[in-house]
Amino acid sequence: MIKRLNAEAESLQARATPRPPEYGGAAVGYGYRLMAEMIGGVLVGLALGWGVDLLVGSAPWGMIVGVLVGFGVSIWMAVTSAKKLSARALKEFGPPQDLPDEPDEDDDR
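Keep in mind that this is a model prediction, so the values were computed, not measured. Numbers given to residues run from 1 along each chain, matching the order in which its sequence is written. For this predicted model, a pLDDT threshold of at least 70 governs which residues receive local features, and a threshold of 80 or more governs which side-chain atom pairs are given and counted, while totals over whole chains, interfaces and linings are taken from all residues. Side-chain descriptors were evaluated using all non-hydrogen atoms of the structure, hydrogens and water having been removed beforehand.

Caption draft 1: Layout of a nonpolar patch on the surface. A surface patch of nonpolar side chains, amounting to about 580 Å² of accessible area, comprises Val 28, Tyr 32, Met 35, Ile 39, Leu 43 and Leu 46. For Leu 43, the location among the structural elements is in helix H2 (residues 24-56). Exposure is judged per residue with a 1.4 Å probe applied to protein chains only, and the accessible area is read against the type maximum: over 50% gives exposed, under 20% gives buried, and values in between give partly exposed. Using a relative accessible area of 51% as the deciding quantity, one classes Leu 43 as exposed. Each patch is built from residues lacking any salt bridge and having more than 30% relative accessible area; the joining distance is 9 Å for like charges and 5 Å for nonpolar side chains (Val, Leu, Ile, Met, Phe, Trp, Tyr). The accessible surface values rely on the Shrake-Rupley method and a 1.4 Å probe; as for residues, cover is taken only from the protein chains in view. Whenever Lys or Arg places a side-chain nitrogen within 4 Å of a carboxyl oxygen from Asp or Glu, that contact is recorded as a salt bridge. Helix and strand labels come from DSSP, where a helix needs a run of H or I of at least four residues and a strand needs a run of E of at least two; each type is numbered from the N terminus.

What follows is the structure in structure tokens.
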């Protein structure tokens, strides 16, 4: 009888305590996506500037301007993408939840 009561108590406790959602895989994917946009924007700007330098013969100014424009565009794309991903995560996972407080080590004295 005691074993049955313990099993029922554990079952009730498991149902009463909601498990926090697992954010790990999705968050890593979002981070890699933002990183790829940042690096890709700079590299595309560099390539376009290099191409302009070859056509016009204005080395290194085309690459310098290309990198700066690529960096600006990649920042704009990352901010826009982060807003979209944040809205998607809010819809998928709900509002962020705080982790429970851990007891301080100094309180045990």
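Caption draft 2: A look at helix H3 (residues 61-93). Compared with the 48 Å implied by 1.5 Å per residue over 33 residues, the 47 Å span of H3 between its first and last C-alpha is a close match. Among the residues making up H3, those that are buried are Gly 62, Gly 66, Gly 70, Ser 74, Ala 78, Ser 81 and Leu 85. Those residues of H3 that are buried lie in contact with H2. Within two residues after H3, Gly 94 carries a phi angle of roughly 85°, on the positive side. Each residue after the first adds 1.5 Å to the expected span of a helix. Should any heavy atoms of two residues lie within 4.5 Å, those residues are counted as being in contact.

Caption draft 3: Representation of the packing of H2 against H3 within the structure. Lines fitted to C-alpha atoms define the axes, with helix axes restricted to the stretch in contact, and inter-axis angles between N-to-C directions lie between 0 and 180 degrees. Two elements in contact, H2 and H3, have axes whose closest approach is 7 Å; the angle formed by their N-to-C orientations is 160°. With respect to H3, the axis of H2 lies roughly antiparallel. The crossing of H2 and H3 is right-handed. Classification convention: Asp, Glu, Lys, Arg as charged; Ala, Val, Leu, Ile, Met, Phe, Trp, Tyr, Cys, Pro as nonpolar; all other residues, Gly among them, as polar. Taken together, the residues of the contact of H2 with H3 break down into 18 nonpolar, eight polar and five charged. Orientation is classified from the angle alone, with under 35 degrees giving roughly parallel, over 145 giving roughly antiparallel, 65 to 115 giving roughly perpendicular, and any other angle giving oblique. In this scheme the handedness of a crossing depends on how the near helix is turned from the far one: anticlockwise by less than a right angle means left-handed, clockwise means right-handed.

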